[in-house]
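Structural overview
Next come the chains, spelled out residue by residue.
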Amino acid sequence: NKGKPVSALNNQNIKYLNSKQALSDLARLIIHIKEDDHNLITSKTKWVTFGGGYAGFLAAYARVWFPHLIHAAVSSSAPTKLQINFPEYKERQALDLQYETVGGSSKCLKIVLDGHAEIASLLKKKQYKQLTDIFNICSEDLLKDEKNVRLWLGDGVVDIPAQSNDPSCHKDGDACNIEAVCDILVHSAKGSTSLEALAVLADIQNESKGRHGQKDTCTRFSWKNTLSALSNPHSAGVDSWVRSWQYQVCTEFGMFPTCESNSLCPFGQGFRTEDTDFELCQATFGLDKYTVTRQVKETAGHYSDMHQRKGSRILSVNGDVDPLSTLALTTSEDEVRLPTYSVKGASHHFWTHPVKATDDQEIRDAREIIFMKVQQWLEEDDCHSKKEKLKTTVPTKATVTSKPTSQLESKIPKNKEAGAVNKKVESPRKSETNTVKNKPGKEKNAVRKQS
């Protein structure tokens, strides 16, 4: 197969977008560079793929599919266990709201749960004006459309930034992390009902959007407008990556973030079902429920063989705050061949972000461990015996906290003995791909080392 660049993401062109093609393109790129760049690339050059999120998925399977081209991989926050219905996403958001490590509490979670339940009760009684006034909704009519309500209440009337949680982001008063969200709900809105506390938070978050030029004069949510924006490849109101990722959700990955009745979802339980996403796929790309289900199951089967294909030298790193970690490889059948590592208090591949002075020790340790593991793998040769290959590992998290680099390095075995590599999570229960980058804190994919 060969990549085909296109100028517009209309339905005629977007059909070429899929993960298998992306992996094939990566393989062709490496082969092309090997053939044409003899001054920099030799037969001993070793390639390592890096990626976060979707790119982490590609990084891992590039190594699985093309072990003759890819020497090793670091896959960060990659949802490798594909499924249609993904209630675990919102359930993890609930758990994060009470996760004390990132500033959550059981009281904070209770306010979010009770507030959404109050809203559902008022909607059932058709108390549209009361809700319109409290949440500054643009029109009562928005609440009279069931699909609008599913969009608003089913996904949460406030933003719970678990996936993007950044401990340092609230310096400007933005309610942009779990700690800031819970501080507003529990303390700033003290004396208010749970519903009123949510309204206070929603207003603050809208003001925050204003500082970034996105503030609305009132709260609006329209299912019809959402479908229209996603269906238009030239829509000014939708970033190009949103439509392209939504296409892959409908054709390959599924992962519909539902909020089911009698679940741990902290929002309007029963208001966000998989039918919402099936309708979106149909209206936006002309894909019916049967087609979406079949294609996601086929993709899941296609990529379910990381162990069966004898994948090796793939380090899977996940943050225990990230909702997508519930579909990631967090434990392995063979922790020596496919080591895993959990970063306490970290969100979606946060350790791949630019380095900040505010980064905590867990994030710094994760970067150090990834660096040293890759260095160790680069010293290995594919002609090693099977016995020699299996004798590699990374340290457990407990061995590295607050340790200087020299001590961290001393904990990594040099092919002498195998050890456990996974640290258990100590919590309550589409990323970019670049080539030839080797700086900590950057999202990246193919990295090469000149031997």
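This text gives an overview of the structure that appears in the document. Since the structure is predicted, the reported quantities are computational estimates derived from the model, not experimental observations. (Residues numbered from 1 in each chain as written. Predicted model: local features only at pLDDT ≥ 70, side-chain atom pairs only at ≥ 80, totals over all residues. Heavy atoms only, no water.)

**So, the overall build of the chain**
Helix and strand content of the chain: 16 helices and seven strands. Out of the 451 residues belonging to the chain, those deemed buried represent 52%. (Helix = DSSP H or I, 4+ residues; strand = E, 2+ residues; numbered from the N terminus. Buried < 20%, exposed > 50% of the residue type's maximum accessible area, 1.4 Å probe, protein only.)

**Observations regarding the pairing of strand β1 (residues 46–52)**
Among the seven residues of β1, seven are classified as buried, and the element is accordingly described as predominantly covered. By the alternation rule, side chains of β1 split into K46, V48, F50 and G52 and W47, T49 and G51, which are all buried. When β1 meets strand β2 (residues 72–76), the two strands line up parallel, connected through five bridges. The partner of G52 across the bridge, within β2, is S76. (Pairing = 2+ DSSP bridges.)

**A word on the environment of Q83**
Within the secondary structure, Q83 sits in strand β3 (residues 83–85). According to the relative accessible area criterion, Q83 is partly exposed, its value standing at 25%. Reaching out from Q83, the side chain makes a polar contact with the backbone oxygen of N85 at a distance of 2.7 Å. (Polar contact = N/O pair within 3.5 Å; in protein donor to acceptor, adjacent residues only side chain to side chain.)

**Here's the deal with the state of the cysteines**
All chains considered together, the criterion is met by five disulfides. There is a disulfide in this structure between C108 and C182, and the S-S distance comes to 2.1 Å. Its S-S torsion of approximately -80° makes the covalent link between C108 and C182 left-handed. Separated by 74 residues along the polypeptide, C108 in helix α5 (residues 106–124) and C182 in helix α8 (residues 178–188) bring together distant segments of the chain. As far as burial versus exposure is concerned, C108 and C182 are alike and both buried. Here C250 engages in a disulfide with C281; their sulfurs sit 2.1 Å apart. (Disulfide = S-S within 2.5 Å.)

**Description of the packing of aromatic side chains**
The final tally for this structure, using the stated rule, is 14 aromatic pairs. Aromatic pair W65 and F66: ring centres 6.2 Å apart, planes at 80°, arrangement edge-to-face. In this structure, W65 and F66 share a single accessibility class: buried. On the basis of an interplanar angle of 75° and a centroid distance of 5.8 Å, the ring pair of F86 and Y89 is categorised as edge-to-face. For the pair formed by F86 and Y89, the shared burial category is buried. Put simply, the rings of Y54, F57, Y61, W65, F66, W245, F253 and Y303 touch in pairs and so form one group of aromatic residues. (Phe/Tyr/Trp six-rings, centres within 6.5 Å; stacked < 30°, edge-to-face > 60°.)

**A few points about helix α2 (residues 19–36)**
Residue pairs three or four apart in sequence face the same way in an α-helix, which turns once every 3.6 residues. Between the first and last C-alpha of α2 there are 26 Å, a value that for 18 residues agrees with the 26 Å anticipated at 1.5 Å per step. Between the side-chain oxygen of the N-cap and the backbone nitrogen of K20 there are 3.1 Å, and the N-cap of α2 in question is N18. (Expected span 1.5 Å × (residues − 1).)

**Regarding the packing of helix α11 (residues 240–253) against helix α13 (residues 289–302)**
Between α11 and α13, whose axes approach to 6 Å, the crossing angle comes to 75°. As the angle between them shows, α11 and α13 are arranged roughly perpendicular. Contacts from V249, C250, T251, E252 and F253 in α11 reach V292, Q295, V296 and T299 in α13. By residue class, the composition of the contact of α11 with α13 is five nonpolar, three polar and one charged. (Axes fitted to C-alpha atoms, helices over the stretch in contact; angles between N-to-C directions. Parallel < 35°, antiparallel > 145°, perpendicular 65-115°, else oblique. Contact = heavy atoms within 4.5 Å. Nonpolar A, V, L, I, M, F, W, Y, C, P; charged D, E, K, R; others polar.)

**Digging into the pattern of salt bridges**
Counted according to the given criterion, the structure contains 13 salt bridges. When the shortest N-O distance is used, the salt bridge between R272 and D277 registers 2.7 Å. On the basis of relative accessible area, R272 is assigned to the buried category, the value being 8%. Residue classification places D277 among the buried positions, given a relative accessible area of 5%. The closest approach of N and O atoms between R337 and D334, which form a salt bridge, is 3.0 Å. On the basis of relative accessibility, which here comes to 16%, the residue R337 falls in the buried class. D334 sits in the partly exposed class, given a relative accessible area of 22%. One salt-bridge network, in which partners are shared between bridges, spans K90, D155, R272 and D277. (Salt bridge = Lys/Arg side-chain N within 4 Å of Asp/Glu carboxyl O.)

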